[in-house]
Amino acid sequence: VLRSGTDSPAAYDLLLRANEMQWNPTREVFDPDTDPNLNLVDRALDIDSDYAQAWVLRSDIFSSALFFDFDTSRSLEFITAAREAAEQAIEADPGWSDGYVALGSSYFRARDHVEAERLLLKALELDPNNSRAMSILGLIKNNSDPQLALDLFTRSRDIDPASSFVYRQIYFAQRALGRLDEGVASLLEGIERFPDHSILHADVMGVYLDIYGRPDEAGRWASRIVEMDSQTLVGPATMSQIWSSVGDENRARDWVNVYAGDFDAALDVRMLKYGIEMSAGNAIAARDAVETISQSPNFRFDRSVRIGGACLVLGDAECMIEHADRMQAWLDEFEARDQAYAPRIRYQMAISILRNAAIDKVAERDVDGIEALLELTSDWPVTGGRGPRYVDYTRAMLQSLLGNDEAAVRELEQTLTLENEGFVYRDVFKMPPDRNPLITRLEGQPGYAEWLATLNARREGARGNLLRMERDGEILSADDVIL
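Residues numbered from 1 in each chain as written. Predicted model: local features only at pLDDT ≥ 70, side-chain atom pairs only at ≥ 80, totals over all residues. Heavy atoms only, no water.

The next subject is the overall build of the protein chain. Of regular secondary structure, the protein chain possesses 26 helices and 0 strands. A globule of 483 residues ought to have a C-alpha radius of gyration of about 23 Å, and the protein chain, at 23 Å, matches this closely. Overall, the C-alpha framework of the protein chain stretches about 75 × 55 × 40 Å when taken along its three principal axes. Of all 483 residues assigned to the protein chain, the portion counted as buried reaches 56%. Intrachain contacts of the protein chain at a sequence separation of at least 6 include 64% that bridge at least 24 residues. Approximately 20600 Å² of the protein chain is accessible, and the part contributed by carbon and sulfur atoms is 45%. Distance between charge centroids for the protein chain: 2 Å, based on 50 positive and 82 negative side chains. (Helix = DSSP H or I, 4+ residues; strand = E, 2+ residues; numbered from the N terminus. Rg over C-alpha atoms; globule rule 2.2 N^0.38 Å. Buried < 20%, exposed > 50% of the residue type's maximum accessible area, 1.4 Å probe, protein only. Contact = heavy atoms within 4.5 Å. Areas by Shrake-Rupley, 256 points an atom, 1.4 Å probe, with all protein chains shown as cover. Lys, Arg positive; Asp, Glu negative; His and termini not counted. Charge placed at Lys NZ, Arg CZ, Asp CG, Glu CD.)

The following block contains the structure:
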């Protein structure tokens, strides 16, 4: 008990129970007033207000709420609560490194990586073997220095092999280094050690869906997640994404509706509804689904990207400019803090596409800026390394904006170079490419019809495989889930 930082067995017991619950999000939306985990921690602090470990766990609970984005409208409240609890931990025990890790984590969740890095380095000064500090610092460094990130993650794993999340962190670094096979091997090692870890399974599902372009094989992994735990959102969300990727909006909706009563306002559900509506050609409904989500540090760029994509389909130039300007202002904030925001290029591409698509005449568009982005992405693969997030149909859109229609079609053809009938199912605006007006305007251009026919054949082939697998019981259907 004393080694845990308190002289109260009762407070210690409460914290033990709270720790057991920490990483087991239930079907309930996080609410500080009713959360049973937070209740245990606060009862421990009522007994011993100088219990640094309890303050750290309180901070972690609010930081994890930000990670899951249970309620984006309360994100600033949660950030403040996480920060205040971490500061209390440091005040209670200034020589304990975990207080600085918790405080750094709160800044990391708020996307202030400069301050987060300073605090994490302070934690490592106090304890060079603090694996949590290494993991979060590695996440900050993953895009700017993936080799350093890999070194941090590997050391973190060696120190604490019982940490399940470090296996996916190693995957992030290996993928950023272009060593995808080694990254997938890390995920599989994590699953072997933690066979019921749904997020590791979801990561492998994402490899098959987003990198290999194989939604049918991804469906096997998504179905396993539901089998492991049918009471949380991860499995149904991944199953809905699978069916949406093959254009089966009805089954995608069925999976969303399984938990509509519990998670209807959740960020993931709203994003899924956006994707389903965009696939179905309902851009207004898609925009409405995303606009109901409040902006948060974790969900402001992607919110504007999706709204901007819907407005692109609707031809709403004012809306496209509005969200392009918002994203640019946020990127400027990072630059003002001397902070290298990792996904900057991805959003700069979206900004450029939206701004230029809002201008009717090709000659009046930012030709130099578009050509600079084409040069920047000229040697980036469609998949592997940094590929999927940055180049999904983006080069085709950029060429289309320049009026280089032949080159745009060649870029479309490049998306079909995946092995085993794989296909890239969505563009940078998270919608099917054949719903994007910058791509559909190429209809009639030599090669376009052949590209579209091949894409449709592969998409329909994957859908047929999924239907057969569902019929044969190889994957679950939404009707199989019992709450």
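Attention now goes to the nonpolar core. Grouped burial of nonpolar side chains is what soluble globular proteins tend to show. Grouped together as the largest cluster of nonpolar side chains are 101 residues, with contacts concentrated most on Trp255, Met327 and Phe429. Counting residues per element, this core draws most heavily on helix H20 (residues 344–357), at 8 residues. The contact partners of Phe429, leaving out residues within four places of it in the chain, are Tyr274, Val305, Gly309, Leu312, Ala350, Ile353, Leu354, Met397 and Asn436. Among the nonpolar cores identified, the runner-up in size contains 44 residues, and Ala18, Ala44, Trp55 and Leu137 belong to it. (Core = buried A, V, L, I, M, F, W, Y, C linked by side-chain atoms within 4.5 Å.)

The next point concerns the packing of aromatic side chains. With the rule as written, the count across this model stands at 9 aromatic pairs. Both rings, one in Tyr171 and one in Phe172, keep their centres 5.8 Å apart while their planes meet at 50°; by these two values the pair is tilted. Under the relative-accessibility criterion, Phe172 is labelled partly exposed at 26%. Consider the rings of Phe301 and Trp330, whose centres lie 5.4 Å apart with planes at 75°: the pair is edge-to-face. In this pair, Phe301 is assigned in helix H18 (residues 301–314) and Trp330 in helix H19 (residues 317–336), connecting sequence segments 29 residues apart. Pair check on accessibility: Phe301 and Trp330 agree, each one buried. Joined through ring pairs, the aromatic side chains of Phe301, Trp330, Phe334 and Tyr347 make up one cluster. (Phe/Tyr/Trp six-rings, centres within 6.5 Å; stacked < 30°, edge-to-face > 60°.)

Between the first and last C-alpha of helix H5 (residues 97–109) there are 19 Å, a value that for 13 residues agrees with the 18 Å anticipated at 1.5 Å per step. In terms of residue burial, H5 counts as a mostly covered element, since 13 of its 13 residues are buried. (Expected span 1.5 Å × (residues − 1).)

Joining two cysteines, a disulfide is a covalent bond between their sulfur atoms. Enumeration according to the criterion identifies 1 disulfide in this entry. Each disulfide pairs two cysteine sulfurs, and for Cys311 the partner residue is Cys319, the sulfurs being separated by 2.0 Å. Taking the torsion about the S-S bond as the criterion, the Cys311 to Cys319 disulfide, at about 65°, is right-handed. A relative accessible area of 0% places Cys311 in the buried class. (Disulfide = S-S within 2.5 Å.)

Attention now goes to the packing of H20 against helix H21 (residues 367–376). Here H20 crosses H21 at 145°, and the two axes come no closer than 11 Å. When the axes of H20 and H21 are compared, the crossing they make is left-handed. Where H20 approaches H21, its residues Ile345, Gln348, Met349, Ser352 and Asn356 are matched on the opposing element by Ile370, Leu373 and Leu376. Residues of the contact of H20 with H21, tallied by class, amount to 5 nonpolar, 3 polar and no charged. (Axes fitted to C-alpha atoms, helices over the stretch in contact; angles between N-to-C directions. Left-handed = near helix turned anticlockwise from the far one by under 90°. Nonpolar A, V, L, I, M, F, W, Y, C, P; charged D, E, K, R; others polar.)

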